[in-house]
Amino acid sequence: MKFSVLALTVCLFFAASQAEARVYLDVFGQSYKKITIATPPFKGDTAPATTQSAMKQLLDKGLDLSGFLIVAPSSVIDAELRSEGLERKDIRFEGWRSLGIDLICKGNLQQNADGLSLDAFLYDSSDGMLLFAKKYKGGQDEWRKIINRLADDIVLAITGEKGIMNSKILFISGGGRSRDAFIASLDGSEMHRLTSYNRLMVSPALSPDGRYLAFTSYREGSPHLYVVDVQRGREVWVNREEGMKNGVTWVDSKRIAYAHVSGKYSTIYCDNVETKERRLILRKDGILTSPSFTKDGKKVIFVSDMYGSAQIFAKDLGNGEIRRLSRSGAYNTSPVVSPKGDLIAFVSRMGGSFEICVMKMDGSEQRALTNGGINDSPRFSSCGRYIVYSSKNGGKGSIRLMLLNGDNKRLLNFTGSEEGQPSFFQ
Amino acid sequence: MPNTCVKSWAVRALWLPPCLLLPLCLLMASCASKQVYMPVAERAALERQEAQDRNAGSIEPGRWGGEGRGAVTEEDISGAEGHSEGSTTMNRLVRDIYFDFDSYALKGDDLPALRDLGNWLKENKRSSVTIEGHCDERGSIEYNMALGQKRAEAVREYLRTLGVDRGRIKTISYGKETPIAPGRTEEAWAKNRRAHMIIE
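Rules of the game
- Residues numbered from 1 in each chain as written.
- Chains lettered and ligands numbered in written order.
- Predicted model: local features only at pLDDT ≥ 70, side-chain atom pairs only at ≥ 80, totals over all residues.
- Heavy atoms only, no water.
- Helix = DSSP H or I, 4+ residues; strand = E, 2+ residues; numbered from the N terminus.
- Buried < 20%, exposed > 50% of the residue type's maximum accessible area, 1.4 Å probe, protein only.
- Areas by Shrake-Rupley, 256 points an atom, 1.4 Å probe, with all protein chains shown as cover.
- Rg over C-alpha atoms; globule rule 2.2 N^0.38 Å.
- Contact = heavy atoms within 4.5 Å.
- Lys, Arg positive; Asp, Glu negative; His and termini not counted.
- Charge placed at Lys NZ, Arg CZ, Asp CG, Glu CD.
- Domains from an automatic or database assignment.
- Salt bridge = Lys/Arg side-chain N within 4 Å of Asp/Glu carboxyl O.
- Polar contact = N/O pair within 3.5 Å; in protein donor to acceptor, adjacent residues only side chain to side chain.
- Pairing = 2+ DSSP bridges.
- Buried area = accessible area lost by both parts, 1.4 Å probe.
- Nonpolar A, V, L, I, M, F, W, Y, C, P; charged D, E, K, R; others polar.
- Axes fitted to C-alpha atoms, helices over the stretch in contact; angles between N-to-C directions.
- Core = buried A, V, L, I, M, F, W, Y, C linked by side-chain atoms within 4.5 Å.

**Topic: the overall build of chain B**
Reasoning step 1: A tally of helices and strands in chain B yields 7 helices and 4 strands.
Reasoning step 2: The helix and strand sequence of chain B, counted from the amino end, reads α-α-α-α-β-α-β-α-β-α-β.
Reasoning step 3: Considering chain B as a whole, with its 200 residues, one finds that 40% of them fall into the buried category.
Reasoning step 4: Counting every atom, chain B has about 11,100 Å² of accessible surface; 59% of that belongs to carbon and sulfur.

**Some details on the overall build of chain A**
Reasoning step 1: Summing up its helical and strand segments, chain A has 5 helices and 30 strands in all.
Reasoning step 2: Taking 22 Å as the expected radius of gyration for a compact globule of 426 residues, we find that chain A reaches 24 Å, a close match to that expectation.
Reasoning step 3: In terms of overall dimensions, chain A has C-alpha extents of about 75 × 45 × 40 Å along its principal axes.
Reasoning step 4: For chain A, restricting intrachain contacts to residue pairs at least 6 apart in sequence, the fraction spanning at least 24 positions comes to 43%.
Reasoning step 5: Here chain A displays about 17,400 Å² of accessible surface, and carbon together with sulfur accounts for 48% of that area.
Reasoning step 6: If you average the places of the 57 positive and of the 47 negative side-chain charges in chain A, the two averages end up 4 Å apart.

**Remarks on the domain arrangement of chain A**
Residue and element names in this part refer to chain A.
Reasoning step 1: Taken domain by domain, chain A comprises domain 1 (9–159) and domain 2 (168–425).
Reasoning step 2: Between domain 1 and domain 2, the C-alpha centre-to-centre distance is 36 Å.
Reasoning step 3: Domain 1 puts 18 residues into the contact, and the matching count from domain 2 is 19 residues.
Reasoning step 4: Where domain 1 packs against domain 2, one counts 2 salt bridges.
Reasoning step 5: In this structure, aspartate 64 and arginine 410 form a salt bridge, with 2.6 Å as the shortest nitrogen-oxygen distance.
Reasoning step 6: Counting the contacts that link domain 1 with domain 2 gives 9 residue pairs in polar contact (both at pLDDT 80 or more).

**Examining the pairing of strand β27 (residues 386–392) of chain A**
All names here are of chain A.
Reasoning step 1: Burial runs high along β27: 6 of the 7 residues are buried.
Reasoning step 2: Inspection of the sheet shows strand β26 (residues 374–380) paired to β27 by 5 bridges, in the antiparallel sense. By the bridge assignment for β27, asparagine 375 is matched with serine 391.
Reasoning step 3: Between β26 and β27, which pair antiparallel and follow one another directly, the connecting turn spans 5 residues, one of which, glycine 384, has a positive phi of 85°.
Reasoning step 4: Across 6 bridges, β27 lies against strand β28 (residues 398–403) in antiparallel orientation. Counterpart to serine 391 in the pairing with β28 is serine 398.
Reasoning step 5: The antiparallel hairpin formed by β27 and β28 contains 5 residues in its connecting segment, where glycine 394 sits at a positive phi of about 90°.

**Side note on the interface of chain B and chain A**
Reasoning step 1: Across the contact, 27 residues belong to chain B and 41 residues belong to chain A.
Reasoning step 2: For the pairing of chain B and chain A, the buried interface totals around 2,900 Å² over both sides, and the portion due to carbon and sulfur atoms is 52%.
Reasoning step 3: Contact with chain A buries area across many residues of chain B, yet Glu142(B), Tyr143(B) and Arg184(B) alone supply 24% of it, more than any other trio.
Reasoning step 4: There are 4 salt bridges connecting chain B and chain A.
Reasoning step 5: The shortest N-O distance in the salt bridge between Glu177(B) and Arg179(A) comes to 2.4 Å.
Reasoning step 6: Scanning the region where chain B abuts chain A turns up 16 residue pairs in polar contact (both at pLDDT 80 or more).
Reasoning step 7: Residue assignment for the side of chain B that touches chain A shows that the elements contributing at least two residues are α6 (141–161) and β3 (169–175) of chain B.
Reasoning step 8: Among the elements that make up the side of chain B that touches chain A, the one with the highest residue count is α6(B) (11 residues).
Reasoning step 9: Residue composition of the side of chain B that touches chain A, grouped by class: 9 nonpolar, 6 polar and 12 charged.

**Some thoughts on the sheet that holds strand β14 (residues 244–250) of chain A**
Reasoning step 1: Ordered by their spatial adjacency, 4 strands build an open sheet running β14-β15-β16-β17 (chain A), and the pairing between neighbours is antiparallel. Every interior strand has two partners, whereas the edge strands, β14 and β17 (278–285) of chain A, have only one. Ignoring which end each strand starts from, the neighbouring axes of this sheet average 20° apart.
Reasoning step 2: The pairing of strand β16 (residues 265–272) of chain A with β17(A) spans 7 bridges and is classified as antiparallel. Within β17(A), the residue paired with Cys270(A) across the bridge is Arg279(A).
Reasoning step 3: Those strands touched by α6(B) are β14, β15 (255–262) and β16 of chain A, and its axis lies near 160° from that of β14(A).

**Considerations on the side chain of Arg179(A)**
Reasoning step 1: Tracing the chain through its elements places Arg179(A) in the loop between β7 (168–173) and β8 (180–185).
Reasoning step 2: Residue classification places Arg179(A) among the buried positions, given a relative accessible area of 13%.
Reasoning step 3: From its side chain, Arg179(A) meets the backbone oxygen of Gly176(A) in a polar contact 2.8 Å long.
Reasoning step 4: If we ignore the near neighbours within four places in the chain, the residues touching Arg179(A) are Ile172(A), Ser173(A), Gly174(A), Asn198(A), Arg199(A), Leu200(A), Met201(A) and Glu177(B).

**Concerning unusual backbone geometry**
Reasoning step 1: A positive phi angle, close to 55°, is found at Asn198(A), a residue other than glycine.
Reasoning step 2: Residue classification places Asn198(A) among the partly exposed residues on the basis of a relative accessible area of 38%.

**Looking at the nonpolar core**
Reasoning step 1: Ranked by size, the top nonpolar core spans 48 residues in total, and within it Leu69(A), Leu150(A) and Ile154(A) carry the most contacts.
Reasoning step 2: With 9 residues, the single largest contributor to this core is helix α5 (residues 143–159) of chain A.
Reasoning step 3: If we skip the residues at most four places from it in the chain, Ile154(A) touches Ile37(A), Leu59(A), Leu63(A), Leu69(A), Cys105(A), Leu122(A) and Phe132(A).
Reasoning step 4: Core analysis: the second largest hydrophobic core is formed by 41 residues, Val303(A), Leu325(A), Leu369(A) and Cys135(B) among them.

Set out below in structure tokens:
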């Protein structure tokens, strides 16, 4: 992927060490306090006003989506504060403090023949410290990338880890039996249609390098499992065996794991889509589905109905031992292991609803993150701090984002029609 | 398995009456409102239209089975003469059987209809059947895909035990992706948890 935005550090991250401990997010226990940030309009008058306001709007949206920040509404910032300069000496920090604002993000936006240039400064109002100063440059049409980078840098400054505004979301969209796979930026822009089959499609999964897309499609009538080369638009691997093949996940950039339900037994396979090598991971009576591997590849988490209802199990691929992980309820499905390998997100039936839950790798400390409706297909962000999932409560299915502890639920809207089965890409 | 069967009888006994009552109530309600508010001429036109619609609906063979006039006569005769089950007309064969939530166990009261289907398939060797497995909207997409497959295969295995050649039975799961009944009621869900037979 090519990035033409140049990010140049103007000043050093001299406050990086203090910044790291500002927000601590723990899904099991301690709460965290959101930080209030002000984003006064950028200075500079060479860029069109529409670009200016669109950039501010996107910055506010990105900071809100992060879940760590509350963006102060423009109405609380009086003209005097709004008009002050960008440098530390120009800023009346006590004025900002009196409004309850913890951080101030200021910027100077310029547009010339080369494109856009944004000098951005992040100050801590409590001590007037400059947390970072950066110059972002890009083409006129790259204002979204510039802002998303700034939003991610602000999240980095306060949490020690970059934000997710530069991530992409893979999802299925379409109504009835006419569905296809799409990928878009988290902010809804840069949407690309990956397939044009207009048929039922489930379980889309992009390989870690973004080269291959795997999915189950009904485009030949029966549901088959396909792997296509996204760039070249050609099929590289297909499983047309009888039965249901789905729940595909990438083990590495060449190998997929999936469940095959056919006849008396169900099987979890791991297939190399380039060499066509096949490895049998697990075979059992009844249903097996939704395999998910730990990063070290030593364990596979999956769903089985071996005890009469859908439950989540783990198989140690070293000693072959199988353990039941989900302990409460009669319906636990769609498990997925977090990137850090410390948590499993899954779906659990609770009363009349289906909730996104998390539990530790041994099945302990189960906790529900959603409240009502039919929620499904949880997937972690690559940093592990966010979960994206599909949600349906009466109306059409939609995609939502939340923090790992269930806070800050936000609707992500891409196509305007039915959307589901989301996953992060990078 | 036996447990599920016993439970299923009870469940069906409970939800069948409301499902018959509801359309009746709706029909009565709609008729009443028309009588109050509609001028005579318009009402006559509407009734003519409705009669046409009823006729149009009744020729849908898959839905109404042997209710067409010719077919009814034929059935009555075959029943009176005590013919074997195998001579049942194709239209009378079972098209949908239903399942409990998160279950792919066949219900005891569906077995006679499946036996009719099996016997008919054995007699009509050039026919084949596609069994679609469906689920209600609740639960996970992936698990329901597997569950739908199991439902279709449960019917297939039963037909096989009756002696129908496996090669003539195709199974396909649609999971919860193509519900036949909209809505978020137990009644709609029950209609969607089905194996649907397409006989060719």
